[in-house]
Amino acid sequence: MRRFWIHQVLPAVFAAIPVLAAALVFVAVPADARRDYLARVETSPIDWIILGIGFTLFTAQTVLAWRAMRWQSADFDLKADRWLSHLCQAAEWFPLLGLIGTVAAILQTFSSITPGANPTPQDIIRKYAPAITATGGGLYMAFINILPVWVVAIGRDLIRSLAGIAPPPEPPSAPGAKL
């Protein structure tokens, strides 16, 4: 029974944590803000790019995280580690994509204000709002895309502890490195 939990149940439970965390953060956003964001995303191509790439990478990382925590005969399945690491590094790009959307929306807002025009605050807010959605989408995607690799690191240690197996040895430090 313990073997079943260590080999099957715990990897699935740990792989589900990033999905649950992503859902929790989405639900934690105030309902009005969430509704406004979803309405604005419908007409924002930069948000489509951010969300499309973000959720694709997140799905791939979640599957790889599950594979990385599966126990093999002597240790974990390490074949997924390289891809998981590379995809996690891609999360660094989401805030930059959000910033591109932010700058584009700000430029659009100011370019629509012509000399002599007297725009209302509602017009300015309506045109500026996509800047905020791009920023929010980029930050959200960055956050959820760093979770799977973190869960693998923590999950493996916990599974090893529950299995009664010592953690792997630390890699040797570089020659001349201070301890």
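Residues numbered from 1 in each chain as written. Predicted model: local features only at pLDDT ≥ 70, side-chain atom pairs only at ≥ 80, totals over all residues. Heavy atoms only, no water.

The subject of this paragraph is the environment of Thr 62. Mapping Thr 62 onto the fold places it in helix 3 (residues 45-68). According to the relative accessible area criterion, Thr 62 is buried, its value standing at 15%. Between the C-alpha atoms of Thr 62 and Phe 14, which are 48 residues apart in sequence, the distance is 9.6 Å. Leaving out residues up to four positions away in the same chain, Thr 62 has contacts with Ala 15, Val 19 and Pro 148. (Helix = DSSP H or I, 4+ residues; strand = E, 2+ residues; numbered from the N terminus. Buried < 20%, exposed > 50% of the residue type's maximum accessible area, 1.4 Å probe, protein only. Contact = heavy atoms within 4.5 Å.)

This part covers the nonpolar core. Core analysis: the biggest nonpolar cluster contains 29 residues, and Phe 14, Met 69, Phe 94, Met 141, Ile 144, Val 152 and Ile 159 have the highest contact counts within it. Secondary structure elements with two or more residues in this core: helix 1 (2-28), helix 2 (31-41), helix 3, helix 4 (81-90) and helix 6 (121-163). Among all residues touching Ile 144, those that are not within four sequence positions of it are Ala 22, Phe 55 and Phe 58. (Core = buried A, V, L, I, M, F, W, Y, C linked by side-chain atoms within 4.5 Å.)

An α-helical turn contains 3.6 residues, so a residue and the one three or four places further along point in the same direction. Among the residues making up helix 4, those that are buried are Leu 84, Leu 87 and Cys 88. The arc enclosing the buried residues of helix 4, seen along the axis, measures out at 105°, which places them on a common side. For helix 4, the elements touching its buried residues are helix 3 and helix 6. (Arc of directions from axis to C-beta.)

Now for the environment of Arg 3. By the element assignment, Arg 3 lies in helix 1. Given a relative accessible area of 60%, Arg 3 falls into the exposed group. The spatial distance from the C-alpha of Arg 3 to the C-alpha of Phe 55 is 33 Å, given a sequence separation of 52 residues.

Further remarks concern the pattern of salt bridges. Summed over all chains, the structure comprises 4 salt bridges. Between Asp 32 and Arg 35 there is a salt bridge, and its shortest N-O distance comes to 2.4 Å. Placement of both Asp 32 and Arg 35 in helix 2 is noted, with a separation of 3 residues, approximately one turn of the helix. Of the two residues examined, Asp 32 and Arg 35, each falls in the exposed class. A salt bridge links Arg 156 to Asp 81; the nearest nitrogen and oxygen atoms lie 2.7 Å apart. Placement of the pair is Arg 156 in helix 6 and Asp 81 in helix 4, with a sequence separation of 75 residues. Owing to a relative accessible area of 10%, Arg 156 belongs among the buried residues under this scheme. (Salt bridge = Lys/Arg side-chain N within 4 Å of Asp/Glu carboxyl O.)

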